[in-house]
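Each chain, written out:
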Amino acid sequence: QVQLLESGGGLVRAGGSLRLSCAVDGSIFSINAMGWYRQAPGKQRELVATITSDGSTNYAVSVKGRFTITRDNPKNTVYLQMNSLKPEDTAVYYCNAYISRWGYHYSDYWGQGTRVTVSS
């Protein structure tokens, strides 16, 4: 069984920083893209940032310049460094990974979500 184990959420004041981590646990063959999504109350889940296996990144316009996504391939872990946080960043953040377990096709896996609350 494959699980995505997230950590690092919490409560922070506006202007503060948080770092989210997501580790892939379980037997796998390879990981393609990894990313972070978020869902605020009453809103749809939206993309925050993604990173490919070779390190190419993509960011939502709303977080560009404030958030940085990185990954440690040997550790099968992806990180999201969030700086200059704003109240509108408040949401549940979900880790996503496109994983091949056996080497012949890839599937989407999701973490359980970690809550980030930014107070004004």
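Residues numbered from 1 in each chain as written. Predicted model: local features only at pLDDT ≥ 70, side-chain atom pairs only at ≥ 80, totals over all residues. Heavy atoms only, no water.

Colleague: Go over the overall build of the protein chain with me, naming the residues and quoting the values.
Modeller: Of regular secondary structure, the protein chain possesses zero helices and 11 strands. Its helices and strands in sequence order give the protein chain the pattern β-β-β-β-β-β-β-β-β-β-β, from N to C terminus. Radius of gyration (C-alpha) of the protein chain: 14 Å, near the 14 Å computed for a compact globule of 120 residues. The buried share of the protein chain, reckoned over its 120 residues, is 41%. The long-range share in the protein chain, meaning contacts at least 24 apart out of those at least 6 apart in sequence, stands at 55%. Only carbon and sulfur atoms are counted for the fraction: they give 47% of the accessible area of the protein chain, which is about 6,500 Å². (Helix = DSSP H or I, 4+ residues; strand = E, 2+ residues; numbered from the N terminus. Rg over C-alpha atoms; globule rule 2.2 N^0.38 Å. Buried < 20%, exposed > 50% of the residue type's maximum accessible area, 1.4 Å probe, protein only. Contact = heavy atoms within 4.5 Å. Areas by Shrake-Rupley, 256 points an atom, 1.4 Å probe, with all protein chains shown as cover.)

Colleague: Pulling in residues and values, what's your account of the sheet that holds strand β8 (residues 77-82)?
Modeller: Reading across from one edge, β1-β3-β8-β7 is the order of the four strands in this open sheet, with antiparallel pairing throughout. Of all strands in the sheet, those with a lone pairing partner are β1 (3-7) and β7 (67-72), marking the two edges. Averaged over all pairs of adjacent strands, the angle between strand axes in this sheet comes to 15°, irrespective of strand direction. Pairing analysis gives six bridges linking β7 to β8, with the strands arranged antiparallel. In the sheet register, Thr70 faces β8, and the bridge partner there is Tyr79. (Pairing = 2+ DSSP bridges. Axes fitted to C-alpha atoms, helices over the stretch in contact; angles between N-to-C directions.)

Colleague: For the environment of Lys64, give the residues involved together with the corresponding values.
Modeller: Locating Lys64 in the fold gives a position in the loop between β6 (57-59) and β7. With 15 residues separating them along the chain, Lys64 and Ala49 place their C-alpha atoms 8.9 Å apart.

Colleague: I'd like a description of the pairing of β7, backed by residues and values.
Modeller: Because side chains alternate across β7, one face comprises the buried residues Phe67, Ile69 and Arg71, and the other comprises Thr68, Thr70 and Asp72, none of which is buried. Between β7 and β8, which pair antiparallel in sequence order, lie four residues; one of them, Asn76, sits at a positive phi of approximately 50°.

Colleague: Tell me about the nonpolar core, residues and numbers included.
Modeller: Within the largest apolar cluster, 29 residues are counted, with the highest numbers of intra-cluster contacts made by Trp36, Leu80, Met82 and Tyr93. Listed by contribution, the elements that provide at least two residues to this core are β3 (18-25), β4 (30-39), β5 (46-51), β7, β8, β9 (91-100) and β11 (114-119). Counting residues per element, this core draws most heavily on β9, which supplies five residues. Leaving out residues up to four positions away in the same chain, Met82 has contacts with Gly16, Ser17, Leu18, Leu20, Arg66, Phe67, Tyr93 and Val116. (Core = buried A, V, L, I, M, F, W, Y, C linked by side-chain atoms within 4.5 Å.)

Colleague: Please give an account of the state of the cysteines that cites residues and values.
Modeller: Counted under the stated rule, the structure contains one disulfide. Between Cys22 and Cys95 runs a disulfide, and the two sulfur atoms are separated by 2.1 Å. Handedness of the Cys22-Cys95 disulfide follows from its S-S torsion of about -80°: it is left-handed. With Cys22 in strand β3 and Cys95 in strand β9, this pair connects stretches of sequence that are 73 residues apart. Like Cys95, Cys22 is buried. (Disulfide = S-S within 2.5 Å.)

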